[in-house]
Amino acid sequence: MQTTDIGSKEDGKLWHRKPVASSNGIVVTVVRSASAYQSKTVRFLQVAFDTTGESFLAGDHHGNIYVIDISRNRFKLVQKTGQACTALAFNLRRTTEYLVALSDYSIKCFDQDTKQLVSWMRGHEGAVSSLSVHSSGRYAISTSSDTAQLWDLDTFQRKRKLNVRQSVGVQKVFFLPLSNAILSCFTDGSIFAWESDTLFSKYQLPVPQDGPRIHYKAFAVTQDGKTLAAGGRSNLIHLWCLDSQQLFRVIQMPPKVRTVRHLNFLPDSFDGGSSQVLGVLSQDGVMRFINIHTCKQLFDIGSCDDAITSAAVCPKGRHIAAVMDNGSLRVYNVQSLTQETNKPPQPLVKVVTTNKRGDSSCLKMKVHTGAVQRPAKTSGRRIQTKRLRTPAVSALEDKENDMPDALNKKRLRTLLRTFGEYPEKYRMFIWRSLLQLPENHAAFSSLTDKGVHSAYLCLHERYPIKSHRLQRGLQRVLSALAHWSSIFGEAEYLPLVAFPFVKLFQNNPLICFEVVATVIVNWCQHWFEYFPNPPLNILSMAENVLAHHDKELLQHFVDCGVTSQLYAWPLLETLFTEVLTREEWLKLFDNIFTNHPSFLLMAVVAYVTCCRAPLLLCTHRQDFEYFFHHRNTLDISAMLKEAYRLMETTPADLHPSSMLSDFEPLTREQYPIFNKYPTFIVEYQSQERERIRQQEVEYLRERQALQDLRAEAVRQQAEDEAWYTQQELLQEAEEQRRRILQQEENKLAEQRARLGAMKRELKVKELTLLDAARRRFLKHQQNQQKIELNRLDDEIQRKVTLRAQETAAAMQDMEVRQMELDAQRRLFEQQLAKEQERMRQEVRTEVDARQRRAEAEDSTFQNLLHTDRDSSQETKRVLEESLAEAGQLEVDADWQTEVIRRLEKADEEQERRRQQLAELSRETHAKEEQLVQMMMEVEGKHWNDVAAKRSQLEKEKQAAAAAESQRRSRPSQQADDTTQNKPRRSQEGSIISLDRGRGTLDREERELLQEVRELRQKLATRARAADWTSQSLSSQHSVTS
């Protein structure tokens, strides 16, 4: 294990000798010691990988941001922020930009190439715990404990802000890979999914009700965005299927795990983004990697003594960067950690065979590899034993089908003939098994340590590739091949052969090199025997096969002057990459790697025969060249079927398999020697290249020497010029010194003059300050007087306000008194009405008494007349009838006249009152102050009138009593008159007596009613409208009665 102290360096190498990962997988440990104290280290806090997985960012608590490139063995200080960082993330669109969350709650965006600040984003009120960037690179989400904010990385403006209740905090908010969904996790355990475009809620994951609460703290999502892992304050881990929004598995960690601090899925090149391995960092500082399907621990990193605080996993699954508890940064190699796990399992099927002599004591055991099953994926069921028959195959076939530590080639061939290609998910594993790659790490490292071969220093000029990473990978593989054998540095078509495999295995240079080497050794046999010319022997084999199966097409080629170098060699030197798509090429090489090396030549012939129709129409050489260097409409399945037919129907004397060797894998530990080429030509070209290189070196050396001499002459001339210039500068400096001294003296005199002026100014300022102080004191006195006046004004205003309040209170008391007077007035009216009613009852009683007396007088008169009934009965009857009729008519006429007059008078009075009602209602408010006095006057006048009426009534009663006595004495006097005068006088006396008594009663009654009416009118004119209405209604009722 190597340890690198970067100290105060801003750039350098991680290691000086390429490290070999140990059994614990540690590649290198990076520490940073403080410049002043070697024993004190600066702690690293955060790490974040880029999309390539080759480099990552690391930030320490001093605010320094480093870019550590594992593939280039470099580290570089890209920024000094001066504050500790709390989160890091790369910008996925502009790969040179990265985001840094600082301890002052702000987020900054820097460019790692220019080291310039791109943008500064503020808005959080707490420390930012995580940064998540959308897969498109346009948006980013920053999360703190109280909120989450969505940022536009094009304008660096905040688009949305997630606000939550104070009781519920935000745990983490991040984008889901390969989708437009945002996952938000809160401290209460709830998890919501939102649309990133519209921010509408998509769904909420149901929180499990049974079992203990986990209190989620750590989250991880697979690269395909289909599985979510969540852990917290428990040794349980919940696995959610985000497609169905259901909890499909709960994993229980060992008892040592009490809290889950961090989760990371470990990607794999062959899982299609659905990671199967989950890294769990617990409170003890150990990060355990488990298989989420078998729930078995594969490996772990860290320990209790050397604990891990946080970790980041490479997107390609090759490295793990961990921040240790002691502040150092450690890089792990995943391949070394999984070396034991990736070993193929022990064979499950074993066949016991005997020797030819049938000696049962001498047994041989031969193993046939069956279906591959790793120990982690085997079921717990007991395997049932079945008796197997010994396969009846030849020793040669067994040798061909047996692949040590790999798959069975015969079964793979059956699978390939059935489906036409291998599964995309397992293709690379099958190829590695078919090619039986030895994976010689030490040998490959020795080849790559030699650096770039001189033949491929300018590879980018001959074969420009847009991807620099792919360019470097191709250059590395070709250089290793050239260091392995000299011929590979001279073959111009070798980049065309190696490029498709470099592009396919760009993440694993060792596998790529061994695949290319295996292809060259087996499928490129005899290619280099005619170097630098094309392999004429191989091309003649293909031409012989074509001549046997399609003579017409070959004759057409001959007629057009087209040789095998034109129609077969372009396909071979590019391995069909120019004429096939990626899927077609992979399908073709599935069949090539599964069959004999001669299958490649049969594929060339099959391609030509399948395209015979367009080829027969071509007549010019340029058409043929274009045809075999560009893609054409071809059914790859038909081509493969034709290739298999050619393999089976070609005669043995023409079959390429008779001239090509069987497949031979690369040897282990060391690669085999490859010298199947004309050595003298290659050596001559190598010598010529070396001679040219030496000449170039000599020329460069001489040119460098000439440039040194020229530089020396220029330097000497510059020194002379500098000496003369220095002398001139000295003279100018002396003159300048004299001028400066003169200027200093002048300045001193000016300063003295300014000093005297300043003293005078200070005196003036002192006097001014004294005058200002005096004025200020006077102003202060004026202000105090103003304040006193204002205080007096406020006091007067307060008293005025108090007086106004007292007046308002008195007015309110007057209003209350007025209300009391109104109540007393209404009470007086009620009493007056009761008195009137009492007087009306007395009048009625008097009238009834008088009527009874009149009736008694009538009855007396009738009795007096009855005595004279005998003498004048007829006359009396006639008189009585006429008297009764006359009296009745008079009474009826008087009553009707009085009723009509009263009704007319009531109507006129009602109309007049209606006209005066509006006018009197306006005068009511002005005359209310006179109400009490007028009521008193009315009351006194009323009682005076009542007393006068009572006295007058007594006088009338006395007059009536005297008249009654006279009237009673008069009938006895009249009885002595004659018979003729009796009827007339009796009739006249009766009429006068009845009329006078009735008229008196009617007159008194009318006078009493008139007085009551006048009193009511005076009281009603000073009452309210409601009282007016009620009094008028009662007056109408009284008049009517």
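Residues numbered from 1 in each chain as written. Predicted model: local features only at pLDDT ≥ 70, side-chain atom pairs only at ≥ 80, totals over all residues. Heavy atoms only, no water.

Engineer: It is not clear to me how a nonpolar patch on the surface should be interpreted in this structure. Could you clarify?
Structural biologist: Residues Trp895, Val899 and Leu903 make up a contiguous nonpolar surface patch of roughly 290 Å² in combined accessible area. Relative to the elements of secondary structure, leucine 903 occurs in helix α20 (residues 873-927). (Patch = residues over 30% accessible without salt bridge, like charges linked within 9 Å, V, L, I, M, F, W, Y side chains within 5 Å. Areas by Shrake-Rupley, 256 points an atom, 1.4 Å probe, with all protein chains shown as cover. Salt bridge = Lys/Arg side-chain N within 4 Å of Asp/Glu carboxyl O. Helix = DSSP H or I, 4+ residues; strand = E, 2+ residues; numbered from the N terminus.)

Engineer: It is not clear to me how helix α10 (residues 536-549) should be interpreted in this structure. Could you clarify?
Structural biologist: Helical geometry note: an α-helix holds 3.6 residues per turn, so side chains three or four residues apart project in the same direction. Between the first and last C-alpha of α10 there are 20 Å, a value that for 14 residues agrees with the 20 Å anticipated at 1.5 Å per step. By the burial criterion, the buried members of α10 are Asn537, Ile538, Leu539, Met541, Ala542, Val545 and Leu546. Contacts from the buried residues of α10 go to α11 (551-559), α12 (564-567), α13 (569-573) and α15 (599-610). (Expected span 1.5 Å × (residues − 1). Buried < 20%, exposed > 50% of the residue type's maximum accessible area, 1.4 Å probe, protein only. Contact = heavy atoms within 4.5 Å.)

Engineer: Please clarify how the confidence of the model for the chain should be interpreted in this entry.
Structural biologist: Caution is warranted with low-pLDDT regions, since their predicted coordinates should not be read in detail. Within the chain, residue pLDDT values average 79, and 82% of them lie at 70 or more. In this model, residues 353-406 is a region of pLDDT below 50 whose contacts with residues beyond four sequence positions or in other chains number 62 contacts. Low confidence marks residues 978-995, where pLDDT is under 50. Its contacts with residues over four positions away, or in another chain, come to 19 contacts. (pLDDT = per-residue confidence, 0-100.)

Engineer: Would you take a moment to explain the pairing of strand β3 (residues 26-31) for this structure?
Structural biologist: Working note: regular strand, side chains alternate between the two faces of the sheet. The buried count for β3 comes to 6 of 6 residues, which makes it a mostly enclosed element. Bridge count for strand β1 (residues 2-5) against β3 is 4 bridges, and the pairing is parallel. For threonine 4, the partnering residue across the bridge sits in β3 and is valine 30. Bridging between β3 and strand β30 (residues 329-333) involves 4 bridges; their strand directions are antiparallel. Across the sheet, residue threonine 29 finds its bridge partner in β30, namely arginine 330. (Pairing = 2+ DSSP bridges.)

Engineer: Mind showing me how you'd approach helix α14 (residues 582-594) here?
Structural biologist: Taking 1.5 Å per residue as the helical rise, α14 with its 13 residues ought to reach 18 Å, and the 18 Å between its terminal C-alpha atoms agrees with that figure. Here α14 lies mainly inside the structure; 10 of its 13 residues are buried. What α14 keeps buried is the set Trp585, Leu586, Lys587, Leu588, Phe589, Asp590, Asn591, Ile592, Phe593 and Thr594. Looking at the buried positions of α14, the neighbouring elements they touch are α3 (409-419), α4 (427-435), α8 (494-504), α9 (509-522), α15 and α18 (636-649).

Engineer: Can you walk me through unusual backbone geometry in this structure?
Structural biologist: Leaving glycine out, the prevailing phi sign among residues is negative, and the prevailing peptide bond configuration is trans. With a phi angle near 55°, glutamine 245 is a residue other than glycine that sits in the positive phi range. Residue placement: glutamine 245 occurs in the loop between β22 (236-241) and β23 (246-252). The backbone phi angle of histidine 526 is positive, close to 65°, even though this residue is not glycine. Following the sequence through the fold, histidine 526 ends up in the loop between α9 and α10.

Engineer: So what exactly am I meant to see when it comes to the sheet that holds strand β12 (residues 128-133) here?
Structural biologist: Sheets are built from strands paired through backbone hydrogen bonds, the pairs being either parallel or antiparallel. With antiparallel pairing, the 4 strands of this open sheet are ordered in space as β12-β13-β14-β15. The open sheet has two edge strands, β12 and β15 (157-163), and neither has a second partner. With strand direction ignored, the average angle separating the axes of adjacent strands in the sheet is 20°. Where β12 and strand β13 (residues 139-144) come together, 5 bridges link them in antiparallel fashion. Residue pairing in the sheet places valine 133 in a bridge with alanine 140 of β13. (Axes fitted to C-alpha atoms, helices over the stretch in contact; angles between N-to-C directions.)

Engineer: Where do I start with the nonpolar core in this structure?
Structural biologist: For soluble globular proteins, the rule of thumb is that nonpolar side chains tend to be buried together. Counting residues in each nonpolar core, the largest one holds 104 residues, and the members touching the most others are Leu481, Phe501, Trp527 and Phe576. Considering each element in turn, this core owes the most residues, 10 residues, to α15. Residues within four places of phenylalanine 501 in sequence aside, it is in contact with Cys512, Val515, Val516, Val519, Leu575, Trp585, Phe589 and Phe593. If you look at the next biggest cluster of nonpolar residues, it comprises 22 residues, including Val27, Phe56, Leu77 and Val331. (Core = buried A, V, L, I, M, F, W, Y, C linked by side-chain atoms within 4.5 Å.)

Engineer: What is the right way to read the packing of α10 against α15 from this model?
Structural biologist: For any two helices packed against each other, the geometry is given by the interaxial angle and the distance between the axes. The interhelical angle for the contact between α10 and α15, taken along N-to-C directions, is 50°, at an axis separation of 9 Å. With respect to their mutual orientation, α10 and α15 come out oblique. By crossing handedness, the relation of α10 to α15 is classed as right-handed. Mapping the contact onto sequence places Ile538, Met541, Ala542, Val545 and Leu546 in α10 and Leu601, Met602, Val605, Val608 and Thr609 in α15. (Parallel < 35°, antiparallel > 145°, perpendicular 65-115°, else oblique. Left-handed = near helix turned anticlockwise from the far one by under 90°.)

Engineer: Would you explain the pairing of β30 in this entry?
Structural biologist: Most of β30 sits out of view: 5 of its 5 residues are buried. The two faces of β30 match: Leu329, Val331 and Asn333 on one face and Arg330 and Tyr332 on the other face are all buried. In textbook terms, the turn of a hairpin is the stretch between consecutive antiparallel strands, and for strand β29 (residues 319-324) and β30 this stretch comprises 4 residues, one of which, glycine 327, has a positive phi near 95°.

Engineer: Looking at this model, I keep getting lost on the side chain of threonine 594. Mind explaining?
Structural biologist: Looking at the secondary structure, you find threonine 594 in helix α14. Look at threonine 594 and you get buried, because its relative accessible area is 0%.

Engineer: Just checking my understanding: could you explain the side chain of serine 564 for this structure?
Structural biologist: Counting through the fold element by element, serine 564 comes out in helix α12. With a relative accessible area of 8%, serine 564 lands in the buried category. Setting aside residues no more than four positions away along its own chain, serine 564 makes contact with Leu539, Glu543 and Trp569.

Engineer: What am I meant to see in the packing of helix α5 (residues 441-448) against helix α7 (residues 468-484) here?
Structural biologist: For the pair α5 and α7, interaxial distance at closest approach is 8 Å and the crossing angle is 95°. It follows from the interaxial angle that α5 and α7 lie roughly perpendicular. Contact residues: Phe444, Leu447 and Thr448 in α5; Arg476, Ala480, His483 and Trp484 in α7. Looking at side-chain class alone, the contact of α5 with α7 contains 4 nonpolar, 2 polar and 1 charged residues. (Nonpolar A, V, L, I, M, F, W, Y, C, P; charged D, E, K, R; others polar.)

Engineer: What's the story with the packing of aromatic side chains in this structure? I'm lost.
Structural biologist: Two aromatic rings are characterised by how far apart their centres lie and by the angle between their planes. Using the criterion set out here, one finds 32 aromatic pairs in the structure. Here phenylalanine 557 and tyrosine 567 contribute two aromatic rings whose centre-to-centre distance is 4.6 Å and whose plane-to-plane angle is 25°, an arrangement assigned as stacked. Of this pair, phenylalanine 557 sits in helix α11 while tyrosine 567 sits in helix α12, placing them 10 residues apart in sequence. Taking relative accessible area as the criterion, phenylalanine 557 reaches 0% and is therefore assigned buried. Ring centres of phenylalanine 627 and phenylalanine 628 lie 5.2 Å apart, and the angle between their planes is 80°; on these two criteria the pair is classed as edge-to-face. Per residue, the accessibility class of phenylalanine 627 equals that of phenylalanine 628, and both read buried. Here a set of aromatic residues connected by ring pairs shows up, and it is made of Phe444, Trp484, Phe488, Tyr493, Phe513, Trp527, Phe528, Trp569 and Tyr671. A cation over an aromatic ring shows up here: lysine 172 above the ring of phenylalanine 174, its NZ or CZ 5.3 Å from the ring centre. Over the ring of tyrosine 644 we find arginine 417, and its NZ or CZ is 4.2 Å from the ring centre. (Phe/Tyr/Trp six-rings, centres within 6.5 Å; stacked < 30°, edge-to-face > 60°. Lys NZ or Arg CZ within 6 Å of the ring centre and 35° of its normal.)

Engineer: Mind showing me how you'd approach the pattern of salt bridges here?
Structural biologist: As a working rule, side chains carrying opposite charge can pair if their charged atoms are close by. Here the structure, examined in full by the defined rule, presents 38 salt bridges. The salt bridge involving aspartate 550 is made with arginine 612; its shortest N-O contact spans 2.7 Å. Within this pair, whereas aspartate 550 is found in the loop between α10 and α11, its partner arginine 612 is found in helix α16 (residues 612-617), the two being separated by 62 residues in sequence. Judged by relative accessible area, which is 27%, arginine 612 ranks as partly exposed. Among the ionic pairs, arginine 850 bridges to glutamate 846, the shortest N-O distance being 3.6 Å.

Engineer: So what exactly am I meant to see when it comes to the sheet that holds strand β4 (residues 44-49) here?
Structural biologist: Across the sheet, 5 strands lie side by side as β2-β7-β6-β5-β4; this open sheet has antiparallel pairing. Because the sheet does not close on itself, it has two edges, and the strands there are β2 (11-13) and β4. For this sheet the average axis-to-axis angle between neighbouring strands, irrespective of direction, equals 20°. In the sheet, strand β6 (residues 64-69) pairs with strand β7 (residues 74-80) via 6 bridges, with the strands oriented antiparallel. By the bridge assignment for β7, isoleucine 68 is matched with phenylalanine 75.

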